[in-house]
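Here is what each chain is made of, one letter per residue.
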2 protein chains.
Amino acid sequence: MLNLSASEENYIKTIFHLQEEEKNVTTNGLAAVLNTRPASITDMMKKLKQKKLVHYQPYRGFRLTTGGNRYALSIIRRHRLWEFFLFEKLKFSWDEVHSVAEELEHVSSKKLIDKLDEFLDFPRFDPHGDPIPDNQGKILKTRQIPLSEMPLNRTAVVCNVGDQSASILELMDHNKIGIGTRVEVKKRFDFDHSLEIKIRQQVPFIISESLAKKIFVKHGA
Amino acid sequence: MLNLSASEENYIKTIFHLQEEEKNVTTNGLAAVLNTRPASITDMMKKLKQKKLVHYQPYRGFRLTTGGNRYALSIIRRHRLWEFFLFEKLKFSWDEVHSVAEELEHVSSKKLIDKLDEFLDFPRFDPHGDPIPDNQGKILKTRQIPLSEMPLNRTAVVCNVGDQSASILELMDHNKIGIGTRVEVKKRFDFDHSLEIKIRQQVPFIISESLAKKIFVKHGA
DNA sequence: TTTTTAATTTAGATTTGCCTAAATATATTT
DNA sequence: AAATATATTTAGGCAAATCTAAATTAAAAA
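Presented here is an overview of the structure given in this document.

What counts as what
Residues numbered from 1 in each chain as written. Chains lettered and ligands numbered in written order. Predicted model: local features only at pLDDT ≥ 70, side-chain atom pairs only at ≥ 80, totals over all residues. Heavy atoms only, no water. Helix = DSSP H or I, 4+ residues; strand = E, 2+ residues; numbered from the N terminus. Contact = heavy atoms within 4.5 Å. Salt bridge = Lys/Arg side-chain N within 4 Å of Asp/Glu carboxyl O. Buried < 20%, exposed > 50% of the residue type's maximum accessible area, 1.4 Å probe, protein only. Buried area = accessible area lost by both parts, 1.4 Å probe. Polar contact = N/O pair within 3.5 Å; in protein donor to acceptor, adjacent residues only side chain to side chain. Nonpolar A, V, L, I, M, F, W, Y, C, P; charged D, E, K, R; others polar. Near = heavy atom within 4 Å. Pairing = 2+ DSSP bridges. Axes fitted to C-alpha atoms, helices over the stretch in contact; angles between N-to-C directions.

1. Looking at the overall build of chain A
Phase 1: A tally of helices and strands in chain A yields 8 helices and 8 strands.
Phase 2: If one aligns the C-alpha atoms of chain A with their principal axes, the spans along those axes are about 60 × 40 × 30 Å.
Phase 3: When contacts within chain A are restricted to residue pairs at least 6 apart in sequence, long-range pairs at least 24 apart make up 59% of them.

Have a look at this one:
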């Protein structure tokens, strides 16, 4: 597989994520996420088109080719394996792993990543609950739903938080909710849509709708 | 501490190693090691002088400042810790670790390196037998000598090989000599300066002077 | 001490990845 | 459908890190 610069990899990865959220990817949108100017996006799209990683016609938008998709998955694999390593082995907290993994993911040795995978015993999810592509680029589709949409009296596992702010972390910390926590929704209040939830063997307690919307759980796990 | 580009780090690191071998570092010499043209060295020296990492006067040569030295040690720390990790945890062979560590060493998070150090249980030597600087930049001075200079009938441990070629590796492999192998020189032949050596409980055998000059041992270990 | 040779530096390009400002194409109103 | 607004692209530049070719300085030889 061809070898891209860290910058090119960041474009590919970001396009992949934006496509995944089925937002149609726009020049301005991508520029906003990558913190660059729209003109830089256009420049890069021309280059990535040449390398056959994106389909691109001026003014007509762009999206990843099959090859671009495959490449994106390999970057995401590296990123999530490093996150797992940092969390599981180096004892980073789950909110610190992302930024360090952003750097590590650009180290390109395929052998390194496959051996890391093996060392970690082939983990299937990163510390945020996102699935890790295998060495063939296969990735599990997880049904992640916000806690606010969980049916009552079914247990699920917290796998993602749709907000990285210090304030949400403080609140979750206070309630002892984190990635991997097993939760059950006991009641939903019509008045303010707050939820009564139970975790572990504790007394049930109430959380706000806005918090529940940010906490994602893996359904069925 | 200031943050250098991967390229700047490579210059600093290489100057450090060349200085260590007490070769006086020259523009051409550095260019040869870094695989660049002399003109590029001059360019970079101007920049590193500005950043107060090297002493430099045109045509008068250059050497690291105290700050440059400190920075070099931090890069070497990263490099060797990654080498240890790759060898010890990911089961890379000791001749594969260098090139991968060359990439990993430029990931700059201080916290990452200190946590990695702890995870590895503060190793003092990398898989080549070179000492790993601690988080204060302190480094053990090891007395490494080539096997060719070992006194007779004293045991020592192979800690370094001054050549990375496939041919030397083949020969060492054949003789079952590697990093960490305990050796004893039994006899030195005047005719061709070949050595009779003994490893483990095996029958002594003979190696050439040119091989013995490339195999370094830690004296006293 | 000249002269010759070798090492080093300068001058001027090139590539990558970014920028600003201006032009152009598409979308939305009126 | 014309006018206005928004999105996108082009043109031209800049900094980092490299290069080649030409100039300059220092070292070695005659």
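2. Quick word on the pattern of salt bridges
Phase 1: With the rule as written, the count across this model stands at 24 salt bridges over all chains.
Phase 2: Among the salt bridges present, the one from A:Arg77 reaches A:Asp114, with a minimum N-O distance of 2.7 Å. Taken as a pair, A:Arg77 in helix 4 (residues 66–88) and A:Asp114 in helix 6 (residues 110–119) lie far apart in primary sequence, 37 residues in all.
Phase 3: For A:Asp114, a relative accessible area of 22% puts it in the partly exposed group.
Phase 4: For the salt bridge of B:Glu105 with B:Lys13, the shortest nitrogen-to-oxygen distance reads 2.7 Å. Taken together, the residues span a long stretch of sequence, with B:Glu105 in the loop between helix 5 (97–104) and helix 6 (110–119) and B:Lys13 in helix 1 (residues 6–20) at a distance of 92 residues.

3. Let's talk about the interface of chain B and chain A
Phase 1: With 20 residues of chain B at the interface, the matching set in chain A holds 20 residues.
Phase 2: When the two sides are added together, the surface that chain B and chain A hide from each other amounts to roughly 1,700 Å², 72% of it contributed by carbon and sulfur.
Phase 3: Scanning the region where chain B abuts chain A turns up 2 salt bridges.
Phase 4: Across the pair A:Lys111 and B:Glu96 runs a salt bridge whose closest N-O atoms are separated by 2.4 Å.
Phase 5: On the surface where chain B and chain A come into contact, there are 6 residue pairs in polar contact (both at pLDDT 80 or more).
Phase 6: For the side of chain B that touches chain A, the elements supplying multiple residues, two or more each, are helix 4 (66–88), helix 5 and helix 6 of chain B.
Phase 7: Of all the elements, helix 6 of chain B adds the most residues to the side of chain B that touches chain A, at 5 residues.
Phase 8: The residue makeup of the side of chain B that touches chain A, split by class, is 11 nonpolar, 3 polar and 6 charged.

4. Quick notes on the protein's contact with DNA strand C
Phase 1: Neighbouring residues of DNA strand C: 22 residues in total, closest A:Ser5, A:Ser40, A:Lys47, B:Lys46 and B:Tyr56.
Phase 2: One of the side-chain N or O atoms of A:Ser7 is found 3.2 Å from a phosphate oxygen in DNA strand C.
Phase 3: Between DNA strand C and the protein, one listed contact pairs a phosphate oxygen with a side-chain N or O atom of A:Tyr11 at 3.2 Å.
Phase 4: Taken together, the residues of the surface near DNA strand C break down into 8 nonpolar, 9 polar and 5 charged.

5. A look at the sheet that holds strand 7 (residues 205–207) of chain B
Each strand in a sheet pairs with its neighbour through backbone hydrogen bonds, running either in the same direction (parallel) or in the opposite one (antiparallel).
Residues and elements named next belong to chain B.
Phase 1: Read from one edge to the other, the open sheet built from 6 strands follows the order 3-8-4-5-6-7, with strand pairing classed as antiparallel. Since the sheet does not close on itself, it has two edges, and those belong to strand 3 (144–146) and strand 7, each with one partner. When the angles between neighbouring strand axes are averaged without regard to direction, this sheet yields 50 degrees.
Phase 2: Examined bridge by bridge, strand 4 (residues 155–161) and strand 5 (residues 182–188) share 3 bridges and lie antiparallel to one another. For Ala156, the partnering residue across the bridge sits in strand 5 and is Val183.

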